Each structure stands twice: as C-alpha cells, then as structure tokens.
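# A look at the structure
Residue-level listing of the chains:
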Amino acid sequence: MAPIEKAVAIEKENVIVDGMDISGPWSRIFEQRTIFDYTPELIEKVASIPGAESFANCYQCAKCVAVCPVDVVGNYGPRKLYRYAQTGMDLTEAPQLWLCTTCANCLRVCPKEVNMVRIMPAVREQAILDGKFVPAELQQAFENTAKYGNPLGQPQRKRDAWTQNAGVPVPILKDLGRPVDVLWYVGSYPSYHPRGIDAACAAARIFNALGIDFAILGKEEKDDADSQRLAGEKGLFEMMAEYNIATFNKYEWKEMVVTGPHELNAFKNVYPRYGFSRPVLHYTTFLVRYLDRLKPLLKHPIHKKVTYHDPCYLGRHNGEYEAPRQLLQAIPGLELVEMPRNRENGFCCGGGGGGMWMDSFTAQHTTMRLSEKRAMEAAATGADILAVACPFEVSRFEDAVKSTGNEHMRVLDILELLDRSMRGDVEI
Amino acid sequence: MHIVVAIKHIPSIADELPVRHNNIDFDSVDFVLNEWDEHSIEQAVLIKEAVGGTVTVIGVDVIGELDNALHLALAKGADRAVKIAAEEPGADSHQQAKWLAEAIQNMSPDLILSGVQASNDLDGQLGPLIAAYLDLPYIGGTSAIEVTNGKAMVLKEFPGGIGMRYEIALPFVAGVQAAPKPPRYAPVSKVRQIAQTAKVETIEPGEGESGGLRFLKMAPPVVTGHAEMIQGTAKEIAARIVELLKSRGLL
C-alpha cells in the first residue's frame, strides 16, 4: 500500500495572537499520519461478513478493554482484536475467535457500537462453514444438540426423569390435556445436570407452594440452542428453533417461565425473528410478582452472608437486576452483600456464547477461568454463599470455589435458597 | 479412484434398549449412524482430498430414516449417496453385507471402507462379510490409509500400542478403527441445505436369505448383585474393609 502523501502543515511555528505568544512545538497529532506498517485488509475481511460490519467502526478508544472480562485473565477486548487484525491476525482462523463470551460489557461502554454480540456469531459461523478450526469440545456440544436435543448428550427420553425427585406433582402438558397459566420451560441443565436438577426440584416445590397452575413439556422439551447460535452454529439454532416453536404452539398457555437467562434471551429476543412472540419471563421476574404470597412461606431464616452474581444474559442482555435481589432479601436472616463488579458491570462467569463448552480450549489462552476470578471476587466479600440465577453457573462456580481454595463458600441457585427457607429441613 | 463407504444405521445405545419378543423393540429406539462409520467417512474424504476421486456412501435403510446420515456424509465431502430400501430393522450384518455386496459389485470400487465394528454386531463385522462376498482381501483395525499408484499404505493397530504398516494392492476392503484425524464437523446449515438439494439414489435389496444367526431369545441382563457403599469416618471405613478382607480369607 502506497503511503498517503503528507499534508502540509497549516500552522505557524511562531504565532502571536492579541499580543500573546502562543508559539510552541508542533504536535504530531494534528498532522495527517502516514500509514506504512499495516493494512486494513484483515479488518475488512471481518467487517465484510454479514453481521460483523461494526467491527470496522472501532476508533481505538479502548474503553472496552477496561471492562472486558477476558482481558482480566488474558489479553483481549474488541479494541485489541481490531489492533491484532491490523497487524496480521486473521480472526476467522485465530484462537481469539473463540474467547469472547458475548457478555456485552464492551457494547455497554462502546461509543461506536462495535457489537461483539453480533460480530462473534457471524465470524464463527463463517469459520465453521469454511471448515476452519472449531474447538473439539464445542463440536461435541453441537453434535450432542443435533443428535440428542441437548448439549450434554443425554437421552431425550430421560428429559423429565428429574421430576421423580421433586416430591411434588410436576404436570406434563401432553398428559394434562388442558390449557395452563404457565408453561415452565425447564432447560437442559436443570433437566439433566445433577446440580441443575436440584434447582429444578426447588422450582417445582415453590410453584406448587404458590398454587401456580403450571406444566412442563417433559420429553417434548429440547434445548433452546441460543448459546450454540452465539458459538456460530446458526443452522443448528434454526433447526432447534423450528422444532421448539412448533412444540410451544401445540399447547394453550398464557405465559412461559424459564429457569435460565439464555433461554429467556432465545425465546424473548431471538425466536421472534422466527415467528414466535409470546410472553416469556425469567423465574426471578415471575416470582417477584408473588412476593406477598411468597414471604409468609419463607418461614425458616437463613443466617448467612450472601453475594449475588448477575448473569450476563439476565442483567446486561435483558435488564433484570432487581428481581433476584428482591427475592434474596425476602429470605429472613439473609444478609445480601455486593461484589464490587455488580449489575451493569457484572463480571462474566465465562459460560456464555458457547464458553460453557470450551473450558479446556480457553484454558490454553488465559491465565485462569473467568469463573475462578469471579469466585475469588465473591469470596473477598466474606460471603458464605454465592447465589446464582443461571443453570450454567452452579457447576461452573462449584468447580471454581474448589480450584481457588474457597470451598467454605457454597454455590446455590436462588431457587434452592428460597426452597430451603420454605422447608427449613435442609442444612446449608 | 472410487471409494465406497458402507455404513450402518443402528439402534442408539444412549438409552436403555427396550426388548420386545426376541429382539429390540425397534419402534421405540432412535437409530443413529454407527460411530466407527463416522471415521470411515472421514478416512474416505481424506484420501479423496489427497489423491482425488469420488466417494460413494451406501447403507441399508432399515427403518426408512437413513437419509439424515447420508446427508451428513455428503456435507462432509462424499459425492454420491445410495440407500438400499429394505425397511427391515432386524436385518443382521450377514444380511446387510449380502445386500451391500450385491450393490457395491456394480460400482467397480477401488477401495471399500466400513467401520471396524458396530454396537449391534452380534455375529461379526460388516467389512469381512462384504470382502468375502466380493472375494476381496480384508484388513481390519486401520488407523490410517494412504493411497499411491494403485497401492495403499495401511497402518493397523494392535493391542499394547503396537502398530504395523502394510502395503496392499487395490482393490480391498478395510475395517476402519479410526481416521488419522478426528471426524470433521458438518455445520447443520450445510446439512440442511444438502437435504433440500441432494439426490439420494434408492435401490431395492436383492432376493434371497443370507447365512447368519437366528434370534431365539433376547432379555435384559438380570441384576444379581450390587456394590456396597461403605460409609462412615475414615476409621470406620478402614475397619469395615479389614473385616471384609478377613471374611474372604484374604487377610
């Protein structure tokens, strides 16, 4: 690329204005700079992918780097990716393509609306379609979702097996044969993961205690696939969305309650593009409505110090910060303490955007897991319990408290805390 | 270079296998592509990428749902997909090998690949049976196949980490243990695109029974015992272990 011709300076070396000498050394920032050492080709390559256009908007202010969670455990952030692309990194082939968790904290502060939540899925999709490198664990999660309807690779027929442990009736829409007020979409991790099942059972008991007319899809429920979409598998997402929308529309219900923020994001913000637009609520938003009826049920105090981790897809992506806190504060005896990074500036657990299925890969490019960093932040508040509201988080943080030597701190879903305060027969 | 990959659609073992009469209850299980066939497809595509040629994937459509597996193979780089429309979920490897061999015979292949095993192999493997029907040599347990000038260098795995390299003249049948690389990922959007445009050729199964086994009875294994979980403090557990060892005359 030919250097751009140097502009002629328009300023004088010695200037006296109104008798005042304002002469001084010429500042280079006012000059047109010559560009020799990099080309915009690799930036344009990314920005030419539909959905990734805003990558080229970056003007290098670096506000994003200050809030990027991955930069805390590595060398990352949209501004850095832009600079890497200037100096020779092809994002479609670089490991950096897989490190973003689409937590959206960069987008919150970006004056140029460089949108990683759109850029990353678009570039990843292109890389996958072109047969470029895909982390093996992520590939496994994709294949499991396509084959079994869930990223864990568990059999579809066992999707409702957890209900046997709930100790209360969990009606299934197909068997019920009548309309219900609430369709509860349980989600893959609450259906299959042992610690997820604990939260699902707690939710079932809370819904029953509140007398909510609810039912689940049972064996007809399949993964929402939103994180697979963000990890670049749009085709898989569309296949799952078509199935899920058809299944949701088979039954009569007034509103849907989801256990997980990723499902909330899928059904509320993305499925509408595929023709589904019915009311969907995260369980925290839903339960807060019943606070007056819930409070008298919370008979057993929990005398513990609790800190709450804002899930990116509940908070920043969907604006729900207060309902989880209101629920926690409704529990008698419970003392809620905040971590320095909370609400809009909440720190990502590393599970979003497909990160849930890339821990081994990510470990090769970062100094520690995001969940470990966050567990340390939680422990520093002196909390006895780290409360969460996303089914990805219980397993992530339980690993993290162990690996960072903070096993004294329990990790519990808000559902579990409410359930324990209701029943009182379980030690924390 | 024409490589034919013989695949099997088999009951999924991700779940318990329901038994009805003297066989699996085929109506209440999912069917999946045999895991080793994913490696034989990958091996075939790798050879094609190295030396050129075409890859034909063929399988017996035992429940009428083989198209998905064939579309997946096409998305991964196969050129042609053929199904033998038998709709006999109970067809064993002997029967399938006979049908496949009859179809493959007309394809003049230079190399035939099959997965070295399948979780529903009760009576041996598909590859050796096809080789016998076609009167071709067979090598099983391959972990890499390279083709040059009408010959193939084949790496075969043995137990204990031993590998042996063979030079074999084409054509022959290989039972693939593993492709030299993990099977590639086929994006769902590509598979779905292929599903709308690709043509799967259908052929009818040949007449006549094959040899093989006859099912007399099938039943889930009877649970006869279970592990005892020893609980308590370290001392209590140690005492219980000592007691158990003594009771069995080991101490």
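Computed from a predicted model, the values in this text were never measured in an experiment.

## Considering the pairing of strand 1 (residues 2-7) of chain B
All names here are of chain B. Along strand 1, 5 of the 6 residues are buried, which leaves the element largely enclosed by surrounding structure. Strand direction decides the pairing type here: strand 1 and strand 6 (residues 54-61), joined by 6 bridges, are parallel. Across the sheet, Val5 pairs through a bridge with Val57, a residue of strand 6. Pairing of strand 1 with strand 8 (residues 111-115) involves 4 bridges; the strand directions are parallel. The partner of Val4 across the bridge, within strand 8, is Ile112.

## Let's talk about the environment of A:Pro272
Examined against the element boundaries, A:Pro272 turns out to sit in the loop between helix 13 (261-270) and strand 6 (280-282). C-alpha separation for the pair A:Pro272 and A:Glu93, spaced 179 residues apart in sequence, amounts to 32 Å.

## Comments concerning helix 6 (residues 234-247) of chain B
Across its 14 residues, helix 6 of chain B extends 20 Å between first and last C-alpha, which sits within 8% of the 20 Å expected from 1.5 Å per residue. The element helix 6 of chain B is largely exposed, with a buried count of 0 among its 14 residues.

## Focus on the domain arrangement of chain A
Residues and elements named next belong to chain A. We note that the domain assignment places domain 1 (41-129), domain 2 (144-288) and domain 3 (296-423) within chain A. Every contact between the two is made by 17 residues of domain 1 and, on the other side, 20 residues of domain 3. Contributions of two or more residues to the side of domain 1 that touches domain 3 are made by helix 3 (69-72) and helix 5 (105-109). Here the element with the most residues in the side of domain 1 that touches domain 3 is helix 3; it accounts for 3 residues. A breakdown of the residues in the side of domain 1 that touches domain 3 according to their chemical character gives 12 nonpolar, 4 polar and 1 charged.

## What about the interface of chain A and chain B?
Tallying the contact residues gives 17 residues for chain A and 11 residues for chain B. Breaking the side of chain A that touches chain B down by element, the ones donating at least two residues are helix 6 (116-129), helix 7 (136-148) and helix 12 (234-248) of chain A. Looking at which element gives the most residues to the side of chain A that touches chain B, the answer is helix 7 of chain A, with 6 residues. For the side of chain A that touches chain B, the per-class residue count stands at 10 nonpolar, 3 polar and 4 charged.

Calculation criteria
- Residues numbered from 1 in each chain as written.
- Chains lettered and ligands numbered in written order.
- Predicted model: local features only at pLDDT ≥ 70, side-chain atom pairs only at ≥ 80, totals over all residues.
- Buried ≥ 20, exposed ≤ 12 C-beta atoms within 10 Å, placed from the backbone.
- Helix = DSSP H or I, 4+ residues; strand = E, 2+ residues; numbered from the N terminus.
- Pairing = 2+ DSSP bridges.
- Expected span 1.5 Å × (residues − 1).
- Domains from an automatic or database assignment.
- Contact = placed C-beta atoms within 7 Å.
- Nonpolar A, V, L, I, M, F, W, Y, C, P; charged D, E, K, R; others polar.

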